[in-house]
Amino acid sequence: MARWPKPAEGSWTEHYPDLGTGPISLRDSSSPEFYELEREAIFKRAWLNVGRVEDVPRTGSYFTKEITIAKTSIIVVRNREGSINAFHNICRHRGNKLVWNDFPQEETKGTCRQFTCKYHGWRYNLDGDLTFVQQEEEFFDVDKDGYGLSTVHCDVWNGFIFINLDTEPRQTLREFLGPMITALDDYPFGKLTERYDFVADNNSNWKIFEDAFQEYYHVPGLHSQQVPPKVRDPQAAFECAHFQLDGPHRLVSTAGARRWTLDPEYMYPIERATRSGLVGPWQTPDIGVLPDGLNPGRIENWGITNFQIFPNLEILIYGGWYLLYRYWPTSHNTHRFEGYLAYHPARNVRERIEHEVSSVVFKEFALQDAGMLGGTQAALDTGVIDGFPLNDQEILVRHFHKVVADWVKQYQHEDEEA
Ligand code: FES
Ligand SMILES: [Fe+2]
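## With respect to the overall build of the protein
Here's step 1: The secondary structure content of the protein amounts to eight helices and 17 strands.
Here's step 2: Its C-alpha radius of gyration of 23 Å places the protein within 12% of the 22 Å reference for a compact globule of 418 residues.
Here's step 3: In terms of its C-alpha atoms, the protein occupies a principal-axis envelope of roughly 80 × 55 × 35 Å.
Here's step 4: Put simply, the protein has 418 residues, and 52% of those count as buried.
Here's step 5: Long-range contacts, defined as pairs at least 24 residues apart, comprise 67% of the intrachain contacts of the protein with a sequence gap of at least 6.
Here's step 6: Counting 42 positive and 60 negative side-chain charges, the protein places the averaged centre of each group 5 Å from the other.

So this is what it looks like as structure tokens:
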């Protein structure tokens, strides 16, 4: 798929003729039938990020992940050799959910030596092997070797744990991520371990929410309460400096003047006092040489690059810290949003305050998007109109919906042939 430099003139979109320039349909975000297709065509085929290696720090550390759209629950666990494996969260005896605490639909995490089923006490080791059967002698030739937990393909890239629910993934994780994303092989995510996690159940289709982070020019309008007057002028900021596509993935970079050189009118008193805000701490500890892949457009005064990894992962890197979003569909018009901010662990109180402020400001922004997009979804659900014009700054929205449609078409095509 095309890669191109910043156009000296003309538009970003014209460099990718397959995208077209006409209005797009958003029926893919209000249709229960389309949601069913996405289940098979996308979420049971693509590599999905479910966590980080820091989420399973020791032998026996585990967490569960509810993947509603794929109608399954997964256990991710670190074994005695240190590798990370994933299993379907189902006991092989009579199908009880194996790992959960008070409520079966709630995710959980912890550390254990083995998994014991609540029902009749079957036990599984950290490799998923069945090791104990209650009243084994009363069964009829049950071979324990044949009743290990059902495995899920699992691989790790730069500390990010991915699973793939396909019987046989079509691509390795590395092939799937492709050159634009693996250009971040050397980005030191592992050093940024002070995390602020958020979860929200939103009243919008997963793609509609994802779209709100694929362009920035809505910021002065929607987020005007949070944006000081000078920045509200759309000409003053929020022009994206570089867009790039690679396979199903996308990125956008923005330029950003270093905040401490800016006029005080560009910021709120709390930002001046704490030297932190939506774009994070003004200064972050040295975490080493950052890879070129972080700023592939070679933007002078580079501010942030937002990597959108198909289908539902987004990593926004601000140089010395990053934000991560995941969008988990829960129905055709709802999804669960997970987000976190990750910083170098604070070395003193000032740094801790910088992190807290940046996290709180982020939460406020995300709530504004979430609240408004409930309105977008409600309007789309009426089905009254379709055919929505997109401008050049919305090229990633155009690309995203096209990739989703292409994956669905490919699935339907293979399904017909089978
Ligand atoms: S269902 Fe798990 S031990 Fe019976
Ligand atoms: Fe927004």
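## Brief notes about the sheet that holds strand β7 (residues 123-124)
Here's step 1: Sheet architecture is open: three strands sit in the order β6-β7-β8, paired in antiparallel fashion. Strands at the two margins of the open sheet, each flanked by one partner only, are β6 (115-116) and β8 (130-132).
Here's step 2: Looking at chain direction, β7 and β8 are connected through two bridges and run antiparallel. Residue pairing in the sheet places arginine 123 in a bridge with phenylalanine 132 of β8.

## Section: a negative patch on the surface
Here's step 1: Residues Glu81, Asp127, Asp129, Asp143 and Asp145 make up a contiguous surface patch of negative charge.
Here's step 2: Residue position: glutamate 81 is located in the loop between β3 (72-78) and β4 (84-88).

## A look at the domain arrangement of the protein
Here's step 1: We note that the domain assignment places domain 1 (13-44 + 186-417) and domain 2 (48-157) within the protein.
Here's step 2: Computed over C-alpha atoms, the centres of domain 1 and domain 2 are 33 Å apart.
Here's step 3: Listed by partner, the interface residues are 20 residues for domain 1 and 15 residues for domain 2.
Here's step 4: When domain 1 packs against domain 2, close to 1,500 Å² is buried across both sides, 60% of that on carbon and sulfur atoms.
Here's step 5: For the pair domain 1 and domain 2, the interface holds two salt bridges.
Here's step 6: The partner of arginine 195 in a salt bridge is aspartate 55, and the shortest N-O contact between them spans 3.1 Å.

## Considering the packing of aromatic side chains
Here's step 1: Applying the stated criterion across every chain yields a total of 28 aromatic pairs.
Here's step 2: Summarising the aromatic geometry, the rings of phenylalanine 43 and tryptophan 206 are spaced 5.0 Å apart at their centres and angled 75 degrees between planes, so their arrangement reads as edge-to-face. Linking phenylalanine 43 in helix α1 (residues 32-43) with tryptophan 206 in helix α3 (residues 206-211), this pair joins segments that are 163 residues apart in sequence.
Here's step 3: Overall, tryptophan 206 belongs to the buried group, its relative accessible area being 0%.
Here's step 4: With 5.1 Å between their ring centres and 25 degrees between their planes, tryptophan 321 and tyrosine 343 make a pair best called stacked. Taken together, the positions of tryptophan 321 in the loop between β15 (313-317) and β16 (322-331) and tyrosine 343 in strand β17 (residues 334-343) put the pair 22 residues apart, joining distant regions of the chain. Accessibility assignment for this pair places tryptophan 321 and tyrosine 343 in one class, buried.

## Thoughts on helix α8 (residues 395-417)
Here's step 1: Counted at 1.5 Å a residue, the expected span for α8 with its 23 residues is 33 Å, and the 33 Å between its end C-alpha atoms agrees.
Here's step 2: Along α8, the residues classified as buried are Ile395, Leu396, Val397, Arg398, His399, Phe400, His401, Val403, Val404, Val408 and Tyr411.
Here's step 3: Turning to α8, the residues buried within the fold contact α1, α3, β12 (240-246), β13 (249-255) and β14 (302-309).

## Digging into the pattern of salt bridges
Here's step 1: For the coordinates displayed, the defined rule picks out 22 salt bridges.
Here's step 2: A salt bridge links arginine 350 to glutamate 354; the shortest N-O distance between them is 3.6 Å. Placement of both arginine 350 and glutamate 354 in helix α7 (residues 349-381) is noted, with a separation of four residues, approximately one turn of the helix.
Here's step 3: In the salt-bridge network here, residues are joined through shared partners; they are Arg45, Asp166, Arg170 and Glu414.

## Details of the pairing of β15
Here's step 1: Taken across its five residues, β15 has five buried, putting it largely inside the fold.
Here's step 2: Burial along β15 is two-sided: the residues Leu313, Ile315 and Ile317 and Glu314 and Leu316 are all buried.
Here's step 3: Across five bridges, the pairing between β14 and β15 is antiparallel. Residue pairing for β15: phenylalanine 307 is matched across the bridge by isoleucine 315.

## A short note on the sheet that holds strand β1 (residues 48-52)
What holds strands together in a sheet is hydrogen bonding between their backbones, with the strands either parallel or antiparallel.
Here's step 1: Sheet architecture is open: seven strands sit in the order β1-β10-β9-β4-β3-β2-β5, paired in antiparallel fashion. Of all the strands in the sheet, just β1 and β5 (109-111) have a single pairing partner and so form its edges. The average angle at which neighbouring strand axes cross in this sheet is 25 degrees, direction not considered.
Here's step 2: One ladder, built from five bridges, connects strand β9 (residues 151-157) with strand β10 (residues 160-164); its direction is antiparallel. Its bridge partner lying in β10, valine 156 is registered against isoleucine 161.
Here's step 3: Sitting on the sheet, helix α2 (residues 173-182) is in contact with β9 and β10, with an inclination near 25 degrees to β9.

## Some words on unusual backbone geometry
Here's step 1: The omega torsion of the bond from phenylalanine 310 to proline 311 falls at 0 degrees, within 30 degrees of zero and hence cis.
Here's step 2: The topology assignment puts proline 311 in the loop between β14 and β15.
Here's step 3: The residue glutamine 135 is not glycine, and still its phi comes out positive at about 50 degrees.
Here's step 4: With respect to the element layout, glutamine 135 can be found in the loop between β8 and β9.
Here's step 5: One non-glycine residue, asparagine 301, lies in positive phi territory at about 60 degrees.

Analysis parameters
By convention here, each chain's residues receive numbers from 1 onward along its written sequence. To read the labels, note that chains go from A and ligands from 1, taken in the order they are written. Local features are withheld for residues below a pLDDT of 70 in this predicted model, meaning they are given only at 70 or higher, and side-chain atom pairs are given and counted only at 80 or more; totals for whole chains, interfaces and linings count all residues. To get the side-chain values, take all heavy atoms of the structure and skip hydrogens and water. Put simply, DSSP marks the helices as runs of H or I at least four residues long and the strands as runs of E at least two long, and each gets a number from the N terminus on. As a reference, a globule follows 2.2 Å times the number of residues to the power 0.38, and the radius of gyration itself is taken over C-alpha atoms. Three labels apply to residues, based on accessible area from a 1.4 Å probe with only protein chains included: buried if under 20% of the type maximum, exposed if over 50%, partly exposed otherwise in between. Contact between two residues is taken to exist if any of their heavy atoms lie within 4.5 Å; hydrogens are not considered. Charged residues are defined narrowly, with Lys and Arg counted positive, Asp and Glu counted negative, and His plus the chain ends left uncounted. Working definition for charges: the position is that of NZ of Lys, CZ of Arg, CG of Asp or CD of Glu. For two strands to be treated as a pair, DSSP must find no fewer than two bridges joining them. Note on patches: the residues involved have over 30% relative accessible area and no salt bridge, like charges join within 9 Å, and the nonpolar side chains Val, Leu, Ile, Met, Phe, Trp and Tyr join within 5 Å. Only the protein chains shown count as cover for residues, with accessible areas throughout obtained via the Shrake-Rupley method and a probe of 1.4 Å. Criterion for a salt bridge: a side-chain nitrogen of Lys or Arg within 4 Å of a carboxyl oxygen of Asp or Glu. Domain borders in the structure are assigned automatically or taken from a domain database. A quick way to say it: buried area is the sum, across both parts, of accessible area lost when two parts are put together, with a 1.4 Å probe. Stacked, edge-to-face and tilted are the three classes for Phe, Tyr and Trp ring pairs, Trp counted by its six-membered ring, which pair at centre distances within 6.5 Å; planes under 30 degrees apart are stacked, over 60 edge-to-face, the rest tilted. One fewer than the residue count of a helix, multiplied by 1.5 Å, yields its expected span. Here, axes are lines fitted to C-alpha atoms. For helices the fit covers the stretch in contact, and angles between N-to-C directions go from 0 to 180 degrees.

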